[in-house]
Amino acid sequence: MNALRIRRLAAGGLAVLALALAGPIATGQGTSSAISPTTTIKLFDGTSLANFDTWLVDHHEKDPEKVFTVVDQVDGAPAIRISGQVWGGLLTKQVYRDYRLIAECRMGNTGKDFNGPWLMSHEFQIIEGGVGDLLPVGGYSESGEQVLPSITVKARKDRDGENVFDPSGQPQVFNRGRINWWGRSEDWADKLGFRGPQDVESPGLEWTHIEAIVSGNRLQYFVNGKLVNEGTDSSFTDGKIMIQSEGAEIYFRRIDLEPLK
């Protein structure tokens, strides 16, 4: 199984979030059971986690440490809280394709660095200064063989030799590593509260509006209304959506799927 993954983690006290998209692991072909929204689907209904399954390392479907909860009031409204204390994630019960995923998220106050196994996916990462980075994440077939996703991104190298999304760049096929969003600071530092001169995510504990448009094998990532990353020729076109727990606290007050316009 693969997933569109939303991940938040922390390194050196730095808050991170990621969004992951996944599809059929072996063929990359669409599945007949995948849902393409015709009206808005509210994955977070404001009161429960009814549209999600939970998965945690060691605990699997159980959540004894309350990593995933719904809290009544965060800035005046209900929200999903993910503590980040155990590797894992919320995984949609249904498989989706061709949609606009819209989420509003806000950083928490705590963090600790973790690693862990994840579904094969294309990740929408949210880290202070790196909101909108795209990461292809490998997975494994039922026989245990490693399978790498692929996606084509127009990219260039920055001063430090890192790959950066550039609409004027040369198309390149990626199946691992990271493609930075176009405005990520070359002087990015692993520290809490970092902001680069072109950062578009909301600062501090303010809410950030993120969108992932999934249309066939094309992905587009938006942060507060601005296109920050884009890929085509994805090796899969549908899958579940995973909101990841990986080492830092995060809140979501909105997670919707809307039809493509």
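Heads up: these notes are all about the structure in this document. Keep in mind it's a predicted model, so treat the numbers as computed, not measured. (Residues numbered from 1 in each chain as written. Predicted model: local features only at pLDDT ≥ 70, side-chain atom pairs only at ≥ 80, totals over all residues. Heavy atoms only, no water.)

1. What to know about the overall build of the protein
Okay, step 1: Helix and strand counts for the protein stand at zero helices and 20 strands.
Okay, step 2: In the protein, buried positions account for 54% of the 261 residues.
Okay, step 3: A fraction of 69% describes how many contacts in the protein between residues 6 or more apart in sequence connect residues 24 or more apart.
Okay, step 4: Carbon and sulfur atoms make up 48% of the accessible area of the protein, which totals about 11300 Å². (Helix = DSSP H or I, 4+ residues; strand = E, 2+ residues; numbered from the N terminus. Buried < 20%, exposed > 50% of the residue type's maximum accessible area, 1.4 Å probe, protein only. Contact = heavy atoms within 4.5 Å. Areas by Shrake-Rupley, 256 points an atom, 1.4 Å probe, with all protein chains shown as cover.)

2. Some thoughts on the nonpolar core
As a rule of thumb, nonpolar side chains are buried together in soluble globular proteins.
Okay, step 1: One finds Ile80, Ile82, Phe124, Phe252 and Ile255 to be the most contacted residues of the largest nonpolar core, which totals 41 residues.
Okay, step 2: Top element by residues in this core is strand β8 (residues 99-111). It accounts for five residues.
Okay, step 3: Excluding its chain neighbours within four sequence positions, the residues that come into contact with isoleucine 80 are Phe44, Leu49, Phe52, Thr69, Leu90, Ile250, Tyr251, Phe252 and Ile255. (Core = buried A, V, L, I, M, F, W, Y, C linked by side-chain atoms within 4.5 Å.)

3. Description of the sheet that holds strand β14 (residues 163-165)
Okay, step 1: Pairing within the open sheet is antiparallel, and its three strands lie in the order β14-β13-β15. Every interior strand has two partners, whereas the edge strands, β14 and β15 (170-174), have only one. The mean inter-strand angle of the sheet, taken between neighbouring strand axes irrespective of direction, is 65°.
Okay, step 2: Pairing between strand β13 (residues 151-157) and β14: three bridges, direction antiparallel. When the sheet's bridge partners are listed, arginine 156 is paired in β14 with valine 164. (Pairing = 2+ DSSP bridges. Axes fitted to C-alpha atoms, helices over the stretch in contact; angles between N-to-C directions.)

4. Quick notes on the pattern of salt bridges
Okay, step 1: Applying the stated rule across the entire model yields 18 salt bridges.
Okay, step 2: Put simply, arginine 97 and aspartate 98 hold a salt bridge, and the shortest N to O gap is 3.3 Å.
Okay, step 3: Given a relative accessible area of 22%, arginine 97 falls into the partly exposed group.
Okay, step 4: For aspartate 98, a relative accessible area of 19% translates into the label buried. (Salt bridge = Lys/Arg side-chain N within 4 Å of Asp/Glu carboxyl O.)

5. Side note on the pairing of strand β16 (residues 208-215)
Okay, step 1: Of all eight residues in β16, six are buried; the element is thus mostly enclosed.
Okay, step 2: Here six bridges tie β16 to strand β17 (residues 218-223), and the two strands are oriented antiparallel to one another. Directly across from valine 214, in β17, lies its bridge partner leucine 219.

6. A short note on unusual backbone geometry
Okay, step 1: Notably, aspartate 75 is not glycine yet its phi reads approximately 55°, a positive angle.
Okay, step 2: As for its position among the elements, aspartate 75 is in the loop between β5 (68-74) and β6 (77-82).
Okay, step 3: On the basis of relative accessibility, which here comes to 53%, the residue aspartate 75 falls in the exposed class.
Okay, step 4: Here asparagine 224, not a glycine, exhibits a phi torsion of approximately 45°, which is positive.
Okay, step 5: Checked against the element boundaries, asparagine 224 lands in the loop between β17 and β18 (226-231).

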